Amino acid sequence: MAALVLFGGGGDLAMRMLLPSLYFLERDSLLPDGLKIIAAARSEETVPEFVARTREAVETRARADGGWDPASWDRLAARLDYLAVDATDADSLQAVKDRLDGDDDLTAFLAVSPSLFGHIVDAMAAAGLAGPRSRIVIEKPVGRDLDSFLEIDEAVRRAFPEERVFRIDHYLGKETVQNLIALRFGNTIFEPLWNNLTIDHVQITIGESFGVGDRWPYYDEYGALRDMVQNHMLQLLCLVAMEPPSDLDPDSVRNEKVKVLRSLRPITPEAAEKVTVRGQYIAGTVEGAPAASYSEERGQPSDTETFVAIRANIDNWRWAGVPFFMRTGKRLKEKRTEIVIQFKAVPHSIFGRDDNSGDISDNRLVIELQPDEDISLTVMNKRPGLDLRMQLQPIRMSLSWGMNGKGEAAPRRRIAYERLLLDAMAGDSTLFVRRDEAEKAWEWVDDVSRAWAESAVRLEPYAAGTWGPVSARKLLTDTDRAWNKNDV
Ligand code: BG6
């Protein structure tokens, strides 16, 4: 039988993401037979109290996602258990052990502060919960630089070898991220073009319209670079840039991602001034409502960036000369995550640009993760009509599910944790971050923070509700390029 233990199981991540994910998996009959779900946390709460609280959280989420099914909830509730324990204490963890049959496959999810990871795994080992059939799942932020990452990770690995450590980057659980792998390696039409001969540049945007709000005690220590670039942004970049893996085995895929990270050109203090932008939001208007500045939310001025843009280079044969522009920020104009593959212009245009015959807009593949999941390709087309001179127009073709020609509705958008919980319980680590990936990503990010500390890159204000500081636009316009979403 299998058991899932959620340490910190009564907390925010569990209530917002993990337990609703388990509900949807239950509804779709995807949970392993006989799975027990044990939430373990410090608060003294009875099982009925915990179950009632979980029901409220799950029902709210399920109704919003268009699918509350009381029978599925009853099945999930029957699996749920709650134990008030001190997870850093081996004696206290005996209560967890007593709930398991000796031969249970155990997946332990640490939804707690990383400062506790080491203590919890030591206690698990001492309580006999770290045997060969146990796995551990850990969430970011693991450290705030390479050294602190290694310290925490070493502690985890005192009890769990690499193949039983599952480091989550929830972006890898998103459907469109996996679709990117399908698009690249399941079709012949893109791969021959996927290089510096045909691609002009790549853009990756992770924009959020909400602010930091009351998360500032965490955020102020991390900033956008560590909170978003070190993990989600670099993972997306790796999936766009990696070489075809030999198969989908965890190590085949992750070997290719590590090679990309190794090829990322380090950012020196001299380069930082030209290729990086740091910003922080000041008051403005977001989606029609007034929004306070970061320093107001923080309660005092701060040097933490809430926006970062970087022009990165991957020094290898495939990508030499192709810039990868990345930007992410809070309090931007809209919540939007997209990857844009901008192809080069035609080498010679037979459609003049100055004779009213229409502009050529270069081919562009847009992989949109949020707010909608969509993949679209812009191609040029003749404008219908009898004009003496041929008129061109760009046509955006959606390659997404909704357009599959069968009139089927798109499937429900799953919570990223649904996929990741299932994979972790099945022991498949393809969509989890290997230690050397995390290490290389930290090395690169540490160089950027060092470069910021040693150079003249200053924090640039941007009004809430815009696409970030002026310099972020200049990063592209300086070379006659433009962000896909560029309106202020
Ligand atoms: C988290 C960051 O990892 O990802 C948050 O800590 C951010 O700051 C969130 O808001 C974004 O996730 P998503 O799935 O909403 O794009």
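Residues numbered from 1 in each chain as written. Predicted model: local features only at pLDDT ≥ 70, side-chain atom pairs only at ≥ 80, totals over all residues. Heavy atoms only, no water.

(A) Examining the sheet that holds strand β3 (residues 80-84) more closely. In space, the six strands of this open sheet follow the order β3-β2-β1-β4-β5-β6, with parallel pairing throughout. Sheet topology places β3 and β6 (165-167) at the edges, where each strand pairs with a single neighbour. Taken pair by pair, the neighbouring strands of this sheet meet at an average axis angle of 20 degrees, ignoring direction. Where strand β5 (residues 134-138) lies against β6, three bridges are found, and the strand directions are parallel. Paired with Ile136 across the two strands is Val165, which belongs to β6. Those strands touched by helix α5 (residues 117-126) are β1 (2-7), β4 (105-110) and β5, and its axis lies near 160 degrees from that of β4. (Pairing = 2+ DSSP bridges. Helix = DSSP H or I, 4+ residues; strand = E, 2+ residues; numbered from the N terminus. Axes fitted to C-alpha atoms, helices over the stretch in contact; angles between N-to-C directions. Contact = heavy atoms within 4.5 Å.)

(B) Quick peek at the layout of surface pockets. In this structure, the largest pocket spans a volume of roughly 1600 Å³. Lining the largest pocket are 48 residues, with Leu13, Arg16, His170, Arg215 and Tyr417 positioned closest to its centre. Going through the elements one at a time, α1 (12-27), α6 (146-157), α8 (216-241), β14 (364-370) and α12 (416-426) are the ones with two or more residues in the lining of the largest pocket. The leading source of residues in the lining of the largest pocket is α8, at seven residues. Tallied by class, the residues present in the lining of the largest pocket amount to 20 nonpolar, nine polar and 19 charged. (1 Å grid on protein atoms, 1.4 Å probe; cavity = no way out; pocket = protein on both sides within 12 Å on 5 of 7 lines; lining within 4 Å. Points joined across faces, edges and corners; volume = space filled by probe spheres on them. Nonpolar A, V, L, I, M, F, W, Y, C, P; charged D, E, K, R; others polar.)

(C) Representation of the site of the ligand within the structure. Of all residues adjacent to the ligand, which total 13 residues, the nearest are Tyr171, Lys174, Glu208, Asp227 and Lys330. Contacts to the ligand include Lys330, whose side-chain N or O atom sits 2.7 Å from an oxygen atom. Across the complex, the protein chains shield 82% of the 400 Å² of accessible surface that the ligand would expose by itself. When atoms are counted within 2 Å of each cavity's grid points, the one that captures over half of the ligand is the largest pocket. No other element matches α8, which puts three residues into the shell around the ligand. Its residues assigned to classes, the shell around the ligand shows three nonpolar, three polar and seven charged. (Near = heavy atom within 4 Å. Polar contact = N/O pair within 3.5 Å; in protein donor to acceptor, adjacent residues only side chain to side chain. Areas by Shrake-Rupley, 256 points an atom, 1.4 Å probe, with all protein chains shown as cover. Sits in = over half its atoms within 2 Å of the grid points.)

(D) Region of the structure containing the packing of aromatic side chains. Under the counting rule described, the total for this entry stands at 12 aromatic pairs. Seen from their ring centres, Trp68 and Trp73 are 6.3 Å apart, and the 35 degrees between their planes marks the pair as tilted. The buried category is assigned to Trp73, whose relative accessible area is 3%. Relative to Phe432, the ring of Phe166 has its centre 5.1 Å away and its plane inclined at 85 degrees; by these criteria the two rings are edge-to-face. (Phe/Tyr/Trp six-rings, centres within 6.5 Å; stacked < 30°, edge-to-face > 60°. Buried < 20%, exposed > 50% of the residue type's maximum accessible area, 1.4 Å probe, protein only.)

(E) Here's a closer look at the pattern of salt bridges. Per the counting criterion, the structure on display carries 47 salt bridges. One salt bridge connects Glu154 with Arg435, and the closest N-O pair in it is separated by 2.7 Å. Within this pair, whereas Glu154 is found in helix α6, its partner Arg435 is found in helix α13 (residues 435-454), the two being separated by 281 residues in sequence. Each member of the salt-bridge network shares a partner with another, and the members are Arg27, Asp28, Arg61, Asp65, Arg412, Arg414 and Glu418. (Salt bridge = Lys/Arg side-chain N within 4 Å of Asp/Glu carboxyl O.)

(F) Structural view of the environment of Arg27. You can see Arg27 is positioned in helix α1. Counting along the chain gives 271 residues from Arg27 to Arg298, while the straight-line C-alpha distance between them is 41 Å. When neighbours within four sequence positions are excluded, Arg27 is seen to be in contact with Gly67, Asp69, Ser72, Arg75 and Arg412.

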